[in-house]
Amino acid sequence: MQVGFELHLKQSLKLSLTPELKQAINILQYSTHELLDFLKEQANENPILEMTAVANDHLAPISESSIPTHKVDYRIRDSSPKSNQFGSNNDFNPINNYSCTTETLEAHLLEQLSLVKTLKDSETKIVEFLIGSLNENGFLDIDINWTASLFSVPLEEMESMIQVLQSLDPIGVGAKDLTDCLLIQIRKQENDNQLAYTIVENHLTDLAEKRYRKMADLYKVTIQEVQEAADFIRTLNPRPVSQFSDEMISYIVPDVFVEKEKEGFLITVNDSYIPTLSINPYYKDYITMKPGNPANDYVKTHLHDAQLLIKGLEQRQMTLYKVTATIVDAQQEFFLRGMAGLKPMTLKDISEKLQLHESTISRATSNKYIQTPHGLFKLRNFFTRGLNRVNGKECESTTTIKEKIKVLIADEDKIKPFSDQLLCQIFKSEGTMISRRTIAKYREDLGIPGSSKRRRF
């Protein structure tokens with residue numbers, strides 16, 4: 001066998017992902033917050049690129065004529081971006097109206113403790129230590145004996161200090177565990193509910209599984225009395241400290257607004273949080289003013305990058321508008337009636353209407369939110385599978401079916417709740433072909449228990 005180097009000519013076709021195309025793809029799939037961080041990074045790296053917190057003036061106007069949609073009953077109208085002119089005379093940003101700080105549980109308890117004047121300084125320090133030892137659920141999972149020896153106090157005094165902590169708001173803080181938390185709340189009630197106290201103390205698992213008959217037979221009471229005690233227990237708060245958090249609250253900024261008007265739907269791409277990008281005029285004319293300067297290559301490269309970034313941002317806004325307009329056109333029943341009007345729809349349906357690849361539609365709808373007359377939704381929520389109806393000509397989306405299951409169960413006779421088989425028959429009588437197993441799966445997705453656990457006595 002001869003080993004050596006040889007030179008061959010080979011012709012082939014392959015798809016090459018250029019840096020420009022890769023950047024356009026990334027810009028399209030970025031959420032609003034991610035896009036803002038990306039633009040700030042690009043502005044810091046490119047001296048030719050200028051970024052100002054003013055509404056976008058460079059974006060091309062979005063015209064309805066450029067969108068190939070089929071008009072039915074309502075006309076989809078275009079609009080200028082709904083934004084606030086940051087940096088102008090009308091300088092307003094609604095996000096600035098939200099507080100970035102929240103009261104912590106520790107601060108809330110220490111403030112109450114400062115109002116307790118009956119404690120000695122040494123006792124106050126013990127309670128402060130207990131407050132600092134609470135876990136994220138507000139429970140006190142420390143060794144009481146070790147803590148008593150740490151402060152050189154009797155065990156009885158330590159237990160007394162724990163009771164001081166448990167007397168503070170919210171009721172249930174300082175408990176050992178969930179059971180103790182619920183028992184503290186029951187003891188604070190004016191009306192003594194001994195059966196509820198006993199059930200919490202000994203039968204939380206049976207309560208969760210709704211084994212009412214077992215507890216009724218054990219304590220010689222009626223099933224109705226056990227059920228009333230269970231109803232009372234459900235009014236208690238298993239997580240009394242959930243309102244306190246050390247984390248800053250994050251707010252979702254809609255990427256698109258859809259409003260219903262007399263003559264149609266008003267679609268607005270929200271660019272109020274996207275800064276204006278522009279090219280520094282000095283560098284724009286630098287090459288022509290100084291043709292022989294060695295820095296020209298550097299300026300050309302960054303000028304080219306800046307122009308591509310601005311163009312990519314324009315394409316992102318236009319693509320997002322087109323995709324949203326097509327979704328609104330296809331899902332007009334939803335925008336008129338809400339969830340009950342949602343139809344099955346796939347990425348392929350939108351891609352065929354816009355003559356774009358499915359991956360482009362996927363990126364355009366990824367991590368994007370739309371504000372509708374019926375609330376805030378992810379754009380991806382509009383893409384759902386469907387089940388065939390009896391006539392075979394129409395489909396019903398899984399989201400719509402789940403919504404119907406929720407309504408049917410909410411309106412059912414609680415003494416004789418609907419079984420999954422009965423729900424299946426109701427859907428079939430309305431023309432929707434669905435199996436009992438699918439009903440059970442959708443019910444579990446909604447977090448709704450089976451008929452035996454929904455039954456009232």
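Fair warning: this is a prediction, and the values are worked out from it, not measured in the lab.

### Side note on the overall build of the protein
Now for step 1: Counting its regular elements, the protein contains 21 helices and nine strands.
Now for step 2: Looking at the protein as a whole, 39% of its 457 residues are labelled buried.
Now for step 3: Sequence-distant contacts in the protein: of pairs separated by 6 or more residues, those separated by 24 or more amount to 65%.
Now for step 4: Per element, the accessible surface of the protein, about 27,200 Å² overall, is 50% carbon and sulfur.

### So, the nonpolar core
Now for step 1: If you look at the biggest cluster of nonpolar residues, it comprises 25 residues, and the most contacted ones within it are Ile327, Phe335, Ile350, Ile370 and Phe382.
Now for step 2: Broken down by element, the residue count for this core peaks at six residues, all from helix 14 (residues 296-330).
Now for step 3: By size, the runner-up hydrophobic cluster in this structure holds 21 residues, among which are Leu105, Leu109, Val127 and Met158.

### Here's the deal with the packing of helix 18 (residues 398-410) against helix 20 (residues 436-445)
Now for step 1: Between helix 18 and helix 20, whose axes approach to 10 Å, the crossing angle comes to 80°. When the interaxial angle is binned, helix 18 and helix 20 end up roughly perpendicular. The segment helix 18 lies against helix 20, with Thr398, Ile401, Lys402, Ile405 and Ile409 engaging Ile439, Tyr442, Arg443 and Asp445.
Now for step 2: Split into classes, the residues belonging to the contact of helix 18 with helix 20 amount to five nonpolar, one polar and three charged.

### Comments concerning helix 1 (residues 19-29)
Now for step 1: Listed as buried for helix 1 are Gln23, Ile27 and Leu28. For helix 1, the buried positions fall inside an angular range of 135° around the axis, keeping them on one side.
Now for step 2: On its buried face, helix 1 is in contact with helix 2 (32-45), helix 14 and helix 17 (358-365).

### As for the packing of helix 4 (residues 121-132) against helix 6 (residues 155-166)
Helix-helix packing is described using two parameters, namely the angle between the two axes and the distance between the axes.
Now for step 1: Two numbers describe how helix 4 lies on helix 6: the axes approach to 9 Å, and their chain directions differ by 65°. Handedness of the helix 4/helix 6 crossing: right-handed. In this structure, helix 4 uses Glu123, Ile126, Val127, Leu130 and Ile131 to contact helix 6, whose residues at the interface are Glu157, Met158, Met161, Ile162, Val164 and Leu165.
Now for step 2: Partitioned by chemical class, the residues of the contact of helix 4 with helix 6 number nine nonpolar, no polar and two charged.

### Describing the pattern of salt bridges
Now for step 1: Applying the stated criterion to the full structure yields twelve salt bridges.
Now for step 2: Asp206 serves as the salt-bridge partner of Lys214, at 3.2 Å between the closest nitrogen and oxygen.
Now for step 3: When its relative accessible area of 6% is taken as the criterion, Asp206 is described as buried.
Now for step 4: Lys402 serves as the salt-bridge partner of Asp445, at 3.5 Å between the closest nitrogen and oxygen. Here the residue Asp445 occupies a position in helix 20, and Lys402 occupies one in helix 18, the gap between them amounting to 43 residues.
Now for step 5: Salt bridges here are not isolated pairs; linked through shared partners, they connect Asp206, Arg211 and Lys214.

### Considerations on the packing of aromatic side chains
Now for step 1: This structure, assessed with the given rule, holds eight aromatic pairs.
Now for step 2: Three or more aromatic residues link up through ring pairs in this structure, and these residues are Phe265, Phe334, Phe335, Phe377 and Phe382.

Rules behind the numbers
- Residues numbered from 1 in each chain as written.
- Predicted model: local features only at pLDDT ≥ 70, side-chain atom pairs only at ≥ 80, totals over all residues.
- Heavy atoms only, no water.
- Helix = DSSP H or I, 4+ residues; strand = E, 2+ residues; numbered from the N terminus.
- Buried < 20%, exposed > 50% of the residue type's maximum accessible area, 1.4 Å probe, protein only.
- Contact = heavy atoms within 4.5 Å.
- Areas by Shrake-Rupley, 256 points an atom, 1.4 Å probe, with all protein chains shown as cover.
- Core = buried A, V, L, I, M, F, W, Y, C linked by side-chain atoms within 4.5 Å.
- Axes fitted to C-alpha atoms, helices over the stretch in contact; angles between N-to-C directions.
- Parallel < 35°, antiparallel > 145°, perpendicular 65-115°, else oblique.
- Nonpolar A, V, L, I, M, F, W, Y, C, P; charged D, E, K, R; others polar.
- Arc of directions from axis to C-beta.
- Left-handed = near helix turned anticlockwise from the far one by under 90°.
- Salt bridge = Lys/Arg side-chain N within 4 Å of Asp/Glu carboxyl O.
- Phe/Tyr/Trp six-rings, centres within 6.5 Å; stacked < 30°, edge-to-face > 60°.

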